[in-house]
Amino acid sequence: MLEIDVCIGSSCHVRGSYNVVQAIQQYIEERSLHNAVDLRTTFCTRECHNAGVSVVVDGTIHRVMPERAGEFLDEITKDL
């Protein structure tokens with residue numbers, strides 16, 4: 001199972017974490033990945049100095065711009 005944690009702390013919230021969470025939820029729904037992806041939210045990952053929203057995938061931190069969430073998801077789920 002792919003574990004995805006999206007930061008919803010203050011800095012990431014301002015950068016669009018709500019939109020990233022919604023994009024991931026929609027992606028999971030459209031592709032019926034409920035049994036393959038575990039989406040959670042978390043507070044500060046201490047990556048506030050970088051652009052984008054902090055998204056942790058199986059322990060690896062990524063920075064995701066809300067408008068590029070679909071491309072990011074295509075890349076991380078290609079082997080599912």
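Residues numbered from 1 in each chain as written. Predicted model: local features only at pLDDT ≥ 70, side-chain atom pairs only at ≥ 80, totals over all residues. Heavy atoms only, no water.

1. Points about the overall build of the protein
Turning to step 1, where the next piece is worked out: Looking only at helices and strands, the protein has three helices and four strands in total.
Turning to step 2, where the next piece is worked out: The order of helices and strands in the protein, counted from the N terminus, is β-α-α-β-β-β-α.
Turning to step 3, where the next piece is worked out: Here the protein has a C-alpha radius of gyration of 12 Å; the compact-globule value for 80 residues is 12 Å, and the two agree.
Turning to step 4, where the next piece is worked out: Considering only C-alpha atoms, the protein reaches an extent of 30 × 25 × 15 Å along its principal axes.
Turning to step 5, where the next piece is worked out: Looking at the protein residue by residue over its 80 residues, the buried ones come to 39%.
Turning to step 6, where the next piece is worked out: Excluding contacts between residues fewer than 6 apart, the proportion of contacts in the protein whose partners are at least 24 apart in sequence is 67%.
Turning to step 7, where the next piece is worked out: Of the roughly 4,900 Å² of accessible surface on the protein, 47% is carried by carbon and sulfur atoms. (Helix = DSSP H or I, 4+ residues; strand = E, 2+ residues; numbered from the N terminus. Rg over C-alpha atoms; globule rule 2.2 N^0.38 Å. Buried < 20%, exposed > 50% of the residue type's maximum accessible area, 1.4 Å probe, protein only. Contact = heavy atoms within 4.5 Å. Areas by Shrake-Rupley, 256 points an atom, 1.4 Å probe, with all protein chains shown as cover.)

2. Let's talk about the environment of Arg15
Turning to step 1, where the next piece is worked out: Checked against the element boundaries, Arg15 lands in the loop between helix H1 (10-14) and helix H2 (17-30).
Turning to step 2, where the next piece is worked out: The sequence separation of Arg15 and Asp5 amounts to 10 residues, and the corresponding C-alpha distance is 16 Å.
Turning to step 3, where the next piece is worked out: Dropping the residues within four chain positions of it, Arg15 is found in contact with Glu47, Cys48, Asn50, Gly52, Val53, Arg63 and Pro66.
Turning to step 4, where the next piece is worked out: Here the side chain of Arg15 touches Asn50 through a polar contact of 2.7 Å, landing on its backbone oxygen. (Polar contact = N/O pair within 3.5 Å; in protein donor to acceptor, adjacent residues only side chain to side chain.)

3. Some points on the nonpolar core
Turning to step 1, where the next piece is worked out: Core analysis: the biggest nonpolar cluster contains 21 residues, and Ile4, Val6 and Val55 have the highest contact counts within it.
Turning to step 2, where the next piece is worked out: Counting only elements with at least two residues in this core, the list comes to strand E1 (2-7), H2, strand E3 (53-57) and helix H3 (69-76).
Turning to step 3, where the next piece is worked out: Counting residues per element, this core draws most heavily on H2, at five residues.
Turning to step 4, where the next piece is worked out: Leave out the neighbours within four places in its chain, and Val6 touches Ser17, Val20, Val21, Ile24, Leu39, Arg40, Thr41, Thr42, Val53, Ser54 and Val55. (Core = buried A, V, L, I, M, F, W, Y, C linked by side-chain atoms within 4.5 Å.)

4. Some thoughts on the pairing of strand E4 (residues 60-64)
Side chains on a regular strand alternate between the two faces of the sheet.
Turning to step 1, where the next piece is worked out: Pairing between E3 and E4: five bridges, direction antiparallel. Bridge pairing in E4 links Val56 to Ile61.
Turning to step 2, where the next piece is worked out: Hairpin remark: E3 followed by E4, antiparallel, with two residues in the connecting loop; positive phi at Asp58, about 50°. (Pairing = 2+ DSSP bridges.)

5. Let's talk about the pattern of salt bridges
Turning to step 1, where the next piece is worked out: Applying the stated rule across the entire model yields six salt bridges.
Turning to step 2, where the next piece is worked out: Here Arg31 and Glu30 are joined by a salt bridge, their closest N and O atoms 3.4 Å apart.
Turning to step 3, where the next piece is worked out: Across the pair Lys78 and Glu75 runs a salt bridge, and its minimum N-O distance is 2.7 Å.
Turning to step 4, where the next piece is worked out: Lys78 sits in the exposed class, given a relative accessible area of 52%.
Turning to step 5, where the next piece is worked out: Residues participating in the shared-partner salt-bridge network are Glu3, Asp5, Asp38 and Arg40. (Salt bridge = Lys/Arg side-chain N within 4 Å of Asp/Glu carboxyl O.)

6. Details of H3
Side chains three or four residues apart in an α-helix point the same way, a direct result of the helix having 3.6 residues per turn.
Turning to step 1, where the next piece is worked out: Taken residue by residue, H3 has Ala69, Phe72, Leu73 and Ile76 as its buried positions. Considered in projection along H3, the buried side chains sweep an arc of 95° and stay on one side of the axis.
Turning to step 2, where the next piece is worked out: Looking at the buried residues of H3, the elements they touch are E1, H2, E3 and E4. (Arc of directions from axis to C-beta.)

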